[in-house]
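A look at the structure
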Amino acid sequence: MKRYKIALIKGDGIGPEIIDEAVKVLDSVASCFDFYFEYVEALMGGCAYDITGDPLPQETINISLSSDAVLFGAIGGTKWDNLPREKRPESGLLRFRKELGVYANLRPAVVYDELINASSLKPEVVKGVDLMVVRELIGGIYFGEPKGRDENRGWNTMVYTRAEIVRIAHQAFKIAMTRSKRVCSIDKANVLDVSQLWRDVVTEVATEYPEVELSHMYVDNAAMQLIRDPRQFDVMLTGNIFGDILSDEASMLSGSIGLLPSASVGAKIGVYEPIHGSAPDIAGQGIANPIATISSASMMLRYALGENAAADKIDAAVKRALKEGYRTKDLAQFDAKEVCSTSEMGSIIANYAAK
Ligand code: NAD
């Protein structure tokens, strides 16, 4: 029997609740195949700071690097908001992505027919939406130097090198080849020099993928077009900060941020995590939607382990649970037959995934 070693980073807030459900589903689907999971838990975020004084202990990096993949919950919370920046949970997460070298964040946004009424947009606008934001994750303004602040000024630097743009562009074009072969590259080339380089380099890389249709769009227009006509998009290629914002916007197309998974890839070890944060406002109440994390586990099976049949089973189980009217509280007002807790939703999906 094949064994996959998975680093589990539950984190803060709802992190432990949603990871437990993803593990339930993974074990359930594994029982149908000839593999099993060995999980190794590692600390990150506020919980790591409380125990070790560091939001990202070296042991967490070591455990992650010696695993087949990392399944990650969420970090952060008001308790740690006033720590010095380098001690804050969010700094640990940025450092973690950098240490692993996961430069490409894949964020699919799919509108399930069963939840067509959950979107804040009209059904006829969102029906059939199936797009993928490919976001550069370890460069751009979140990492650029110089940065700093004094009493009267704060400054950050948006910088991209040719090599950083080339590798993320290849990711986007490769993914487009497995989908409907369209890439829309998002930038602000009318104002920013860094975006002019981005546009030129993406255009050069596109020549290696003659089957893929490339278009360019300014980020402000993209924010508007996502609401006006989201079906026009297949793969959206973005830098770090633009992708951060646009993928949260795209999440509302599907009705709840609790539905959307992500994969951070590009290095030997990938990180699979929901796009939402630690939701301290609902932590410990058993009402968080575990679907984003369960779907992240499905992405892990597909992208890290090549277990596509198992991933398909999880995706089908999620769809079935929604089709049959099971909803967590965030989606309770949308055609719910039964409102269930985090753990009940995990069990329903685990049960369907094993069939
Ligand atoms: P958030 O995503 O945690 O929550 C935003 C809203 O969405 C809240 O009302 C929350 O209750 C709801 N929500 C989020 N996930 C949900 C789920 N699975 N089911 C149901 N409802 C859900 O964003 P925030 O409130 O801006 O941030 C809270 C903390 O999370 C902060 O400390 C922030 O820095 C951190 N954060 C962490 C990550 C990460 O770990 N990758 C990402 C974003 C924010």
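A quick note: this is a predicted structure, and the numbers were derived from the prediction, not measured. Per chain, the residues get numbers from 1 upward, laid out in the order the sequence is written. Thresholds applied to this predicted model are a pLDDT of at least 70 for local features of residues and 80 or more for the giving and counting of side-chain atom pairs; totals over whole chains, interfaces and linings are not thresholded and use all residues. Water and hydrogen atoms play no part in the side-chain values, which are based on all heavy atoms of the structure.

The criterion for a residue being near a molecule or strand is simple. One of its heavy atoms has to lie within 4 Å of it. Close to the ligand lie 21 residues, the nearest being Glu-90, Gly-277, Ala-279, Asp-281 and Asn-289. Within the side chain of Glu-90, one N or O atom sits 2.4 Å away from an oxygen atom of the ligand. At 3.5 Å, a side-chain N or O of Glu-273 approaches a nitrogen atom of the ligand. In short, Shrake-Rupley with a 1.4 Å probe defines the accessible areas, and a residue's cover is counted only from the protein chains shown. Look at the ligand: alone it shows 800 Å² of surface, and the protein chains cover 68% of it. When its residues are assigned to classes, the shell around the ligand shows ten nonpolar, seven polar and four charged. Throughout this description, a polar contact denotes any pair of N or O atoms lying within 3.5 Å of each other; where both atoms belong to protein, one of them has to be capable of donating a hydrogen while the other can accept it, and for residues adjacent in sequence the pair is counted only when both atoms sit in side chains. By the convention adopted, Pro, Cys, Tyr, Trp, Phe, Met, Ile, Leu, Val and Ala count as nonpolar, Lys, Arg, Asp and Glu as charged, and the other residues, Gly among them, as polar.

Here the rule is simple: two strands pair whenever DSSP picks up at least two bridges between them. Numbering of helices and strands starts at the N terminus; helices are DSSP runs of H or I of at least 4 residues and strands are runs of E of at least 2. Pairing in this open sheet of ten strands is mixed, and the strands run E2-E1-E3-E12-E11-E4-E5-E10-E8-E9 from one edge to the other. Strands at the two margins of the open sheet, each flanked by one partner only, are strand E2 (35–41) and strand E9 (213–218). Averaged over all pairs of adjacent strands, the angle between their axes in this sheet comes to 25 degrees, without regard to strand direction. Bridge analysis of strand E1 (residues 2–11) against E2 gives seven bridges, and the strand direction is parallel. To obtain an axis, a line is fitted to C-alpha atoms, over the contacting stretch when the element is a helix, and the angle between two such axes runs from 0 to 180 degrees between their N-to-C directions.

Moving on to helix H8 (residues 219–228). When H8 is considered as a whole, its buried residues turn out to be Val-219, Ala-222, Gln-225 and Leu-226. End-on, the buried residues of H8 take up no more than an arc of 110 degrees, which puts them together on one face. Here, residues are in contact when the closest pair of their heavy atoms is within 4.5 Å. Buried positions along H8 lie against strand E5 (130–136), strand E8 (182–187), E9, strand E10 (235–238) and helix H9 (240–254). Only protein chains enter the accessibility calculation, which uses a 1.4 Å probe; a residue is then buried when its area is under 20% of its type maximum, exposed when over 50%, and partly exposed in between. Arc definition: directions from the helix axis to the C-beta atoms.

Every second residue of E10 is oriented toward a common face, with Val-235 and Leu-237 on one face and Met-236 and Thr-238 on the other, all of them buried. Bridge count for E5 against E10 is four bridges, and the pairing is parallel. Across the sheet, the residue bridging to Val-134 is Leu-237, located in E10. Across three bridges, the pairing between E8 and E10 is parallel. Paired with Cys-184 across the strands is Met-236, a residue of E10.

On to the nonpolar core, then. To define a nonpolar core, start from buried Ala, Val, Leu, Ile, Met, Phe, Trp, Tyr and Cys residues and group those joined through side-chain atoms within 4.5 Å. Counting residues in hydrophobic clusters, the biggest one holds 94 residues, and the most contacted among them are Phe-37, Leu-71, Leu-131 and Leu-301. Either an automatic procedure or a domain database provided the assignment from which the domain bounds are taken. Both of domain 1 (1–112 + 256–355) and domain 2 (120–134 + 141–254) provide at least three residues apiece to this core. Counting 16 residues, the second-largest nonpolar core is a separate cluster that includes Ala-42, Met-44, Ile-61 and Val-271.

You can see Ser-262 is positioned in strand E11 (residues 261–265). A residue is classified by how much of its surface remains accessible, and Ser-262, at 1% relative accessible area, is buried. Distance in space between the C-alpha atoms of Ser-262 and Trp-198 is 23 Å, their sequence separation being 64 residues. If sequence neighbours within four positions are ignored, Ser-262 has contacts with Asn-105, Leu-106, Arg-107, Val-271, Tyr-272, Glu-273, Pro-274, Ile-275, Ser-296 and Met-299. Of note is the side chain of Ser-262, whose polar atom sits 2.8 Å from the backbone oxygen of Glu-273.

This brings us to the domain arrangement of the protein. For the protein, the assigned domains read domain 1 (1–112 + 256–355) and domain 2 (120–134 + 141–254). Using C-alpha coordinates to define each centre, domain 1 is positioned 24 Å away from domain 2. At the interface, 19 residues of domain 1 touch 19 residues of domain 2. Here the quantity called buried area is the total loss of accessible area, with a 1.4 Å probe, experienced by two parts when brought into contact, counted for both. Among the residues domain 1 hides against domain 2, the three largest losses belong to Tyr-103, Arg-107 and Val-111. Together they make up 35% of the total. Put simply, a salt bridge is a Lys or Arg side-chain nitrogen that is within 4 Å of an Asp or Glu carboxyl oxygen. Counting the contacts that link domain 1 with domain 2 gives one salt bridge. Salt-bridge contacts for Arg-107 lead to Asp-248; the nearest nitrogen and oxygen are separated by 3.8 Å.

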